[in-house]
Amino acid sequence: MFLPAGSRDEMGPAVSNRFSVMEKFRKVAVLRGYEQISTPVVEYASTFTNEYVDMKLQNMLKWFNSEGEIEVLRPDWTTAIARALSSQEHKPQKWAYQGSIFKTDRPGMEDHQAGIEILHMPPLMGECESLLMAHSFLKSLGITEYVIELGHTELYESLVQELDLKTEDAERLRQAMHDKKQDEVYEIAFNHGDKEAAKELAALVDAYGGIEVINEYEERWKDKKNLIDMLAQMKKVAQILTESGSSDILVDLGRVKNLPYYSGMLYRGFLKKTRAVCFSGGRYDKLYDRYGGAVSAAGLAFDVDVLAELYKDEAPLERICIIADSNSLVFVEKLRQSYKNSIVDVRTKAADPDQYDKIVEIKFIDGKYEVLEK
Ligand SMILES: N[C@@H](Cc1c[nH]c[nH+]1)C(=O)O
């Protein structure tokens, strides 16, 4: 009530767990050498809808400003950061950020993200650092039961290039591939190419599983050098992650990009228990073409809302309630010093004992304040 559809209030643990997740993220990012970056929540729509980014205006929260230009609430951090960094010197950079993104094509409209962007690093360094950072961060939250899924946009894109597709059919094919509708993939590809190309694309729908899928495809594509190189990249990243003790790895060679700007390896983290996606990212060098190009860029964003739902404080603080009144407040403020590293809540009435580990009452006896345990 009194809120636009999709907006919501949050209270208690839903909020505090989110802040705890964000604090942990910041700590891990700082210790891995990331600098913090923040961009405004209001941007021009054209930052996200221009031909290099190509996000859909219909999914953005938008309005006209007084000059008649369309402004939006930030729908994507990665693009906003690319805009903010466009005039920066080309030297290795690692940025970390946290905050909301707004999209109307999902329930809730506002998502809380924490993410990293790694620029001007040699190939594979960005992908590996993104995923190793994800491993450290999830570990710091006590999350070990997750699966990393690796993909590569250019596998599908290079096969599709061989077809003669109009924009609309290209979109239909991408959707069918995304939904893993093999018959539809075959049909669209066959109608716009030949039997061979259609068979290859349809087979890609099933190219999902452990690292052995890459081995199979190395054999299958042994004459396609560009595809073999991409598989080698995926294999190398998988090997580095495995040797670093990271989580289980799956590959999906038929994965299509979920954001238009990706142009290389893609990765996602799934929680084993719920299958929820807890992070997602990839390589996106071409996004920088708008700003002069020749930039190596990779990164990922964590879904803070998904992580906050799982959050458990491993060493909860002792909770103490002091029952006092306005006369004893000065005394109570001093008394706090003796409860270092505890949550000290001052109330005026006996509080719910279930909420506290200890309740003490301040009484004025014989001219001085006494602390009585209850
Ligand atoms: N911006 C992407 C995540 C990402 C960060 N860097 C690269 N990709 C998303 O919202 O899914």
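Note that the structure is predicted; figures quoted are calculated from it, not measured.

(A) Inspection of the state of the cysteines at higher detail. Under the counting rule described, the total for this entry stands at zero disulfides. As a non-bridged cysteine, Cys-128 has Cys-278 as the owner of its nearest cysteine sulfur, 18 Å distant. Among the residues examined, Cys-128 registers a relative accessible area of 8% and is labelled buried.

(B) Main features of the nonpolar core. Core analysis: the largest hydrophobic core is formed by 71 residues, its most contacted members being Leu-150 and Phe-279. The residues touching Leu-150, leaving out its near neighbours within four places in the chain, are Leu-131, Met-234, Val-237, Ala-238, Ile-249, Leu-250, Val-251, Asp-252, Met-265, Leu-266 and Tyr-267. With 26 residues, the next largest nonpolar core counts Val-72, Ile-81, Leu-259 and Tyr-288 among its residues.

(C) Representation of the pairing of strand S13 (residues 318-323) within the structure. In this sheet, strand S14 (residues 342-347) lies alongside S13 in parallel orientation, the contact comprising six bridges. Bridge assignment links Glu-318 to a residue of S14, and that residue is Ser-342. One crossover worth recording links S13 to the parallel S14 by way of helix H12 (residues 329-335), and it is right-handed. Examined bridge by bridge, S13 and strand S15 (residues 358-365) share four bridges and lie parallel to one another. Across the sheet, Ile-323 pairs through a bridge with Glu-361, a residue of S15.

(D) Quick peek at the sheet that holds strand S16 (residues 368-373). Taken in spatial order, the four strands of this open sheet run S14-S13-S15-S16, and their pairing is mixed. Of all strands in the sheet, those bounded by a partner on one side alone are S14 and S16. Ignoring which end each strand starts from, the neighbouring axes of this sheet average 25° apart.

(E) Summary view of a negative patch on the surface. Side chains of Asp-179, Asp-183, Glu-184 and Glu-187 sit close together on the surface and give a patch of like negative charge. Along the chain, Glu-187 falls in helix H7 (residues 182-191). Glu-187 sits in the partly exposed class, given a relative accessible area of 49%.

(F) The site of the ligand, seen in detail. Close to the ligand lie 15 residues, the nearest being Asp-76, Thr-78, Glu-117, Tyr-261 and Tyr-262. At 2.8 Å, a side-chain N or O of Asp-76 approaches a nitrogen atom of the ligand. Between Gln-113 and the ligand, the recorded distance is 3.1 Å, taken from a side-chain N or O atom to an oxygen atom. Considering the ligand on its own, with 300 Å² of exposed area, one finds that the protein chains cover 95% of that surface. Elements with a contribution of two residues or more to the shell around the ligand: strand S6 (110-119), strand S11 (277-283) and strand S12 (297-303). Within the shell around the ligand, the residues separate by chemical class into seven nonpolar, six polar and two charged.

(G) Molecular detail of the confidence of the model for the chain. Looking at the chain as a whole, the pLDDT averages 94, with 100% of positions reaching at least 70. ipTM for the predicted complex: 0.99, alongside a pTM of 0.93.

(H) Inspection of the side chain of Gln-93 at higher detail. Considering the arrangement of structural elements, one finds Gln-93 in strand S5 (residues 93-102). For Gln-93, a relative accessible area of 7% translates into the label buried. Beyond its immediate sequence surroundings of up to four residues, Gln-93 is in contact with Leu-85, Gln-88, Glu-117, Ile-118, Leu-119 and His-120.

Criteria and cut-off values
Residues numbered from 1 in each chain as written. Predicted model: local features only at pLDDT ≥ 70, side-chain atom pairs only at ≥ 80, totals over all residues. Heavy atoms only, no water. Disulfide = S-S within 2.5 Å. Buried < 20%, exposed > 50% of the residue type's maximum accessible area, 1.4 Å probe, protein only. Core = buried A, V, L, I, M, F, W, Y, C linked by side-chain atoms within 4.5 Å. Contact = heavy atoms within 4.5 Å. Pairing = 2+ DSSP bridges. Helix = DSSP H or I, 4+ residues; strand = E, 2+ residues; numbered from the N terminus. Right-handed = clockwise from strand over helix to strand, strands pointing away. Axes fitted to C-alpha atoms, helices over the stretch in contact; angles between N-to-C directions. Patch = residues over 30% accessible without salt bridge, like charges linked within 9 Å, V, L, I, M, F, W, Y side chains within 5 Å. Areas by Shrake-Rupley, 256 points an atom, 1.4 Å probe, with all protein chains shown as cover. Salt bridge = Lys/Arg side-chain N within 4 Å of Asp/Glu carboxyl O. Lys, Arg positive; Asp, Glu negative; His and termini not counted. Charge placed at Lys NZ, Arg CZ, Asp CG, Glu CD. Near = heavy atom within 4 Å. Polar contact = N/O pair within 3.5 Å; in protein donor to acceptor, adjacent residues only side chain to side chain. Nonpolar A, V, L, I, M, F, W, Y, C, P; charged D, E, K, R; others polar. pLDDT = per-residue confidence, 0-100.

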